[in-house]
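Residue-level structural notes
Listed below are the residues making up each chain.
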Amino acid sequence: MAACLRFTRRVWDSFLVIQGHDARCVPNLVIHRAIPGTVEASLKVEPYNLNRVGVLHGGLVLSLTDALGSLAVASKGFWMTGVTTDLGTSFVRPAGRVGDVLHVRAVLTGIGKSLAYTRVDFMSPRGELVAYGYHTKYVGKSSSHANNVILSEDGETVMEGVGADVN
């Protein structure tokens with residue numbers, strides 16, 4: 001398993017360990033792939049993920065846009081992924097019912113000294129786009145965190161940082 005995937009999963013675990021919003025809403029999120037700048041994950045839709053008409057709640061899609069956008073930033077070696085400054089989602093079609101597996105792809109579309117930009121696509125089990133989100137994060141103070149790592153371009157190896165044990 002590539003160092004980038006291990007590091008990104010570690011960051012996700014740090015979200016869950018505090019038993020906050022992510023742990024309560026999407027404890028079953030599975031991160032399948034992470035390369036620098038891109039994270040692919042899936043979520044099996046559970047009854048607690050639904051709205052009152054029986055399909056995936058739009059608020060959950062927004063929460064996933066936030067979480068997966070943050071993990072796209074993490075996939076570049078950032079332990080602390082910054083704070084959200086702007087977040088939005090467009091809903092294309094109903095996103096799923098209980099038992100469906102929602103596939104998610106988050107891409108870091110740009111990063112500078114202060115801001116990072118991501119796009120998150122949500123796909124049905126049939127591969128149809130059901131929603132997409134955008135996420136802007138302030139990362140100005142994140143670049144100097146002690147747990148940050150520098151990954152090889154392909155994400156296979158940690159080149160620098162205390163996370164070198166993720167190799």
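Per an unreviewed UniProt entry, the chain goes by Thioesterase domain-containing protein and derives from Amanita muscaria. UniProt's Sequence similarities (unreviewed entry) comment on the chain is quoted here verbatim: "Belongs to the thioesterase PaaI family."

1. Some thoughts on the packing of aromatic side chains
Considering all chains together, one arrives at two aromatic pairs under this definition. Considering the side-chain rings of Trp12 and Phe15, the 5.6 Å spacing of their centres and the 55° angle between planes classify their relative orientation as tilted. Of this pair, Trp12 and Phe15 both sit in helix α1 (residues 3-17), three residues apart, roughly one helical turn. Exposure remark for Phe15: the relative accessible area of 17% places this residue in the buried category.

2. A closer look at unusual backbone geometry
A positive phi angle, near 60°, is found at Gln19, a position not held by glycine. Within the secondary structure layout, Gln19 lies in the loop between α1 and α2 (21-25).

3. A word on the nonpolar core
Counting residues in hydrophobic clusters, the biggest one holds 43 residues, and the most contacted among them are Trp12, Leu29, Leu64, Leu68, Leu71 and Phe122. Contributions of two or more residues to this core are made by α1, β1 (30-35), β2 (38-44), α3 (58-74), β4 (101-111), β5 (115-123), β6 (129-138) and β7 (149-151). In terms of residue count, the dominant contributor to this core is α3 (nine residues). Not counting residues within four places of it along the chain, the set of residues in contact with Trp12 comprises Asp22, Val26, Leu29, Ile31, Ala67 and Leu71.

4. A closer look at α1
One turn of an α-helix holds 3.6 residues; hence residues three or four places apart share an orientation. Taking 1.5 Å as the rise per residue, α1 with 15 residues should run 21 Å; its terminal C-alpha atoms sit 21 Å apart, in good agreement. Turning to α1, its buried residues number three or more, namely Ala3, Cys4, Leu5, Phe7, Thr8, Val11, Trp12, Phe15 and Leu16. Along its buried surface, α1 packs onto α2, β1, β2, α3, β7 and β8 (158-161). Phi turns positive one or two residues past the end of α1, at Gln19, with a value near 60°.

5. What to know about the sheet that holds β5
If you trace the six strands from one edge of the open sheet to the other, you get β1-β2-β4-β5-β6-β3, paired in antiparallel fashion. Pairing within the sheet leaves two strands with one partner each, and these edge strands are β1 and β3 (83-91). Averaged over all pairs of adjacent strands, the angle between their axes in this sheet comes to 15°, without regard to strand direction. As defined by bridge partners, β3 adjoins β6 across eight bridges and the pair is classed as antiparallel. Within the sheet, the bridge partner assigned to Phe91 lies in β6 and is Ala131. In this fold α1 packs onto β1 and β2, with an angle of close to 135° to the strand it touches most, β1.

Procedures and definitions
- Residues numbered from 1 in each chain as written.
- Predicted model: local features only at pLDDT ≥ 70, side-chain atom pairs only at ≥ 80, totals over all residues.
- Heavy atoms only, no water.
- UniProt positions renumbered as here; feature names shortened; annotations may be inferred.
- Phe/Tyr/Trp six-rings, centres within 6.5 Å; stacked < 30°, edge-to-face > 60°.
- Helix = DSSP H or I, 4+ residues; strand = E, 2+ residues; numbered from the N terminus.
- Buried < 20%, exposed > 50% of the residue type's maximum accessible area, 1.4 Å probe, protein only.
- Core = buried A, V, L, I, M, F, W, Y, C linked by side-chain atoms within 4.5 Å.
- Contact = heavy atoms within 4.5 Å.
- Expected span 1.5 Å × (residues − 1).
- Pairing = 2+ DSSP bridges.
- Axes fitted to C-alpha atoms, helices over the stretch in contact; angles between N-to-C directions.

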